[in-house]
Amino acid sequence: MMRVGIVGASGYTGVELARILAGHPEIHLTVATSRQYAGMPLAEVFPNLRKRVDIVCENLSAEELVERADFFFTAVPHKTAMDIVPKLLAAGKKVVDLSADFRLRDAAVYEAWYQEHSSPHLLGDAVYGLPELYRAQIKTARLTANPGCYPTSVILAATPLLRAGLIDPATLIIDSKSGTSGAGRSASVGSLFCEVADGFRPYKVGGSHRHIPEIEQELSLAAGKPVTVSFTPHLLPISRGILSTIYATLTDAGRVADLHALYERTYGDEPFVRVLPAGALSTTQHVRGSNCCDLSLSRDERTGRLIVMSAIDNIVKGASGQAVQNMNLMCGFPETTGLMGAPFFP
């Protein structure tokens, strides 16, 4: 069995990684780090892991970590990842990084949206970890940059249309909503129960969300030309889930049935992308707890716009589940291993 470590196990993506890996038949979780909870069993930090995960949180240096595992997930904030990932790679380890540090191919773009990049030499080695688009490259990668949650939902939804030239990229409007787990586990007034319950609000309005350059990078590659999007995220009063609604003007007079067939051709063999039947609509409650992305389409005949709806669980397909999917590819395991559980419902 392969020894696996989670660097940054005390956040929502860390606990979700531990939950999924607990049922993975090919790996053994040998180390989980946390400065805050060092010395505590992870199952005490997260009681849902009782009798499923038997590991104690530790606060270890990179030099200590490399002796403990062969494969690492770095579930730490940006900037922290770019400091530790090079040391893991130098020791011959493979890494899936869940931060934003290696997602953007251009260091200047990263620095414009985040801060100075201390490991730009690794950007050329990092593979963008969306298996439905980059499966072959992920299989041979030593560093995979796990996509952001909003970008995952948007890129899967828009790529088939942009590749086929069926929508005008200049008309793309993306309206996304996320559950509060997307804000992380650290205490914040904005994510307190009384601030979120019974309400619904936008945030990072006016093109200021840091996922925008990631979305534009991948959609530009799909379109074969620069794409600029209008993207507005919203906070839903639910714990997990993302629903992205994408609007664009068609460049072709194709019928929705033809477009639906395009999505079926693109994703019909994908284990985790489900193209819904005509008339069905994507909903967060039908992907909850799963690695699935549900896509649905509708055409507004009055305006000529196409509407694509995309639902994922933000901490499974939008983070930890996709990270395990990438690990499976990088290590030669069947891609679906540990990930085929049906969504929770209700």
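The notes below deal with the structure included here.

1. A closer look at the overall build of the chain
Reasoning step 1: Regarding its fold elements, the chain presents 11 helices and 13 strands.
Reasoning step 2: For 346 residues, the compact-globule estimate of 2.2 N^0.38 gives 20 Å, and the chain sits close to it at 20 Å.
Reasoning step 3: Referenced to the eigenvectors of the C-alpha coordinate spread, the extents of the chain come out at roughly 60 × 45 × 35 Å.
Reasoning step 4: With 346 residues in all, the chain has 55% of them scored as buried.

2. Some thoughts on the side chain of Ser153
Reasoning step 1: Position of Ser153 relative to the elements: it lies in helix α7 (residues 149-164).
Reasoning step 2: Side-chain polar atoms of Ser153 contact the side chain of Ser244, separated by 2.8 Å.
Reasoning step 3: When neighbours within four sequence positions are excluded, Ser153 is seen to be in contact with Ile242, Ser244, Ser310 and Ile312.

3. Let's talk about empty space enclosed by the protein
Rolled over the atoms, a probe as big as a water molecule pinpoints where empty space is left.
Reasoning step 1: Inspection of every chain in the model, using the stated rule, returns 1 cavity of 30 Å³ or more.
Reasoning step 2: Here the largest cavity is characterised by a volume of approximately 40 Å³.
Reasoning step 3: Lining the largest cavity, in full, are Phe102, Arg103, Leu104, Arg105, Leu123, Ala126, Val127, Tyr128 and Gln217.
Reasoning step 4: Split into classes, the residues belonging to the lining of the largest cavity amount to 6 nonpolar, 1 polar and 2 charged.

4. Some points on the sheet that holds strand β13 (residues 305-312)
Hydrogen bonds between backbone groups are what pair the strands of a sheet, and the pairing can be parallel or antiparallel.
Reasoning step 1: Across the sheet, which stays open at both edges, the 7 strands sit in the order β8-β9-β7-β10-β13-β12-β11 with mixed pairing between neighbours. On the outer flanks of this sheet lie β8 (201-202) and β11 (273-275), each paired with one strand and no other.
Reasoning step 2: The sheet contact formed by strand β7 (residues 173-178) and strand β10 (residues 242-249) spans 6 bridges and is antiparallel. Residue Ser178 lies in a different strand from β10, and its bridge partner there is Ile242.
Reasoning step 3: Contacts from α7 reach β7, β9 (230-235), β10, β11, β12 (293-300) and β13 within the one sheet, and its direction differs from that of β13 by about 140°.

5. Some points on the sheet that holds strand β1 (residues 2-7)
Reasoning step 1: In spatial order, the strands read β2-β1-β3-β4-β6-β5; together these 6 strands make up an open sheet with parallel pairing. At either end of the open sheet lies a strand with only one pairing partner, and these are β2 (27-33) and β5 (127-128).
Reasoning step 2: One ladder, built from 6 bridges, connects β1 with β2; its direction is parallel. Paired with Gly5 across the two strands is Val31, which belongs to β2.

6. Digging into the pairing of β9
Reasoning step 1: Strand direction decides the pairing type here: β7 and β9, joined by 6 bridges, are parallel. Bridge pairing links Asp175 to Thr232 in β9.
Reasoning step 2: One ladder, built from 2 bridges, connects β8 with β9; its direction is antiparallel. Directly across from Pro202, in β9, lies its bridge partner His234.

7. Re the pattern of salt bridges
Reasoning step 1: Under the defined criterion, the tally for this structure stands at 15 salt bridges.
Reasoning step 2: With its nearest N and O atoms 4.0 Å apart, the salt bridge here joins Lys93 to Asp70. On the criterion of sequence distance, the pair formed by Lys93 in the loop between α4 (80-90) and β4 (94-97) and Asp70 in the loop between α3 (62-65) and β3 (71-74) is long-range, its members being 23 residues apart.
Reasoning step 3: By relative accessible area, Asp70 is classed as partly exposed at 32%.
Reasoning step 4: Because the salt bridges share partners, they merge into one network encompassing Glu16, Arg19, Arg240 and Asp313.

Quick notes on the rules
Residues numbered from 1 in each chain as written. Predicted model: local features only at pLDDT ≥ 70, side-chain atom pairs only at ≥ 80, totals over all residues. Heavy atoms only, no water. Helix = DSSP H or I, 4+ residues; strand = E, 2+ residues; numbered from the N terminus. Rg over C-alpha atoms; globule rule 2.2 N^0.38 Å. Buried < 20%, exposed > 50% of the residue type's maximum accessible area, 1.4 Å probe, protein only. Polar contact = N/O pair within 3.5 Å; in protein donor to acceptor, adjacent residues only side chain to side chain. Contact = heavy atoms within 4.5 Å. 1 Å grid on protein atoms, 1.4 Å probe; cavity = no way out; pocket = protein on both sides within 12 Å on 5 of 7 lines; lining within 4 Å. Points joined across faces, edges and corners; volume = space filled by probe spheres on them. Nonpolar A, V, L, I, M, F, W, Y, C, P; charged D, E, K, R; others polar. Pairing = 2+ DSSP bridges. Axes fitted to C-alpha atoms, helices over the stretch in contact; angles between N-to-C directions. Salt bridge = Lys/Arg side-chain N within 4 Å of Asp/Glu carboxyl O.

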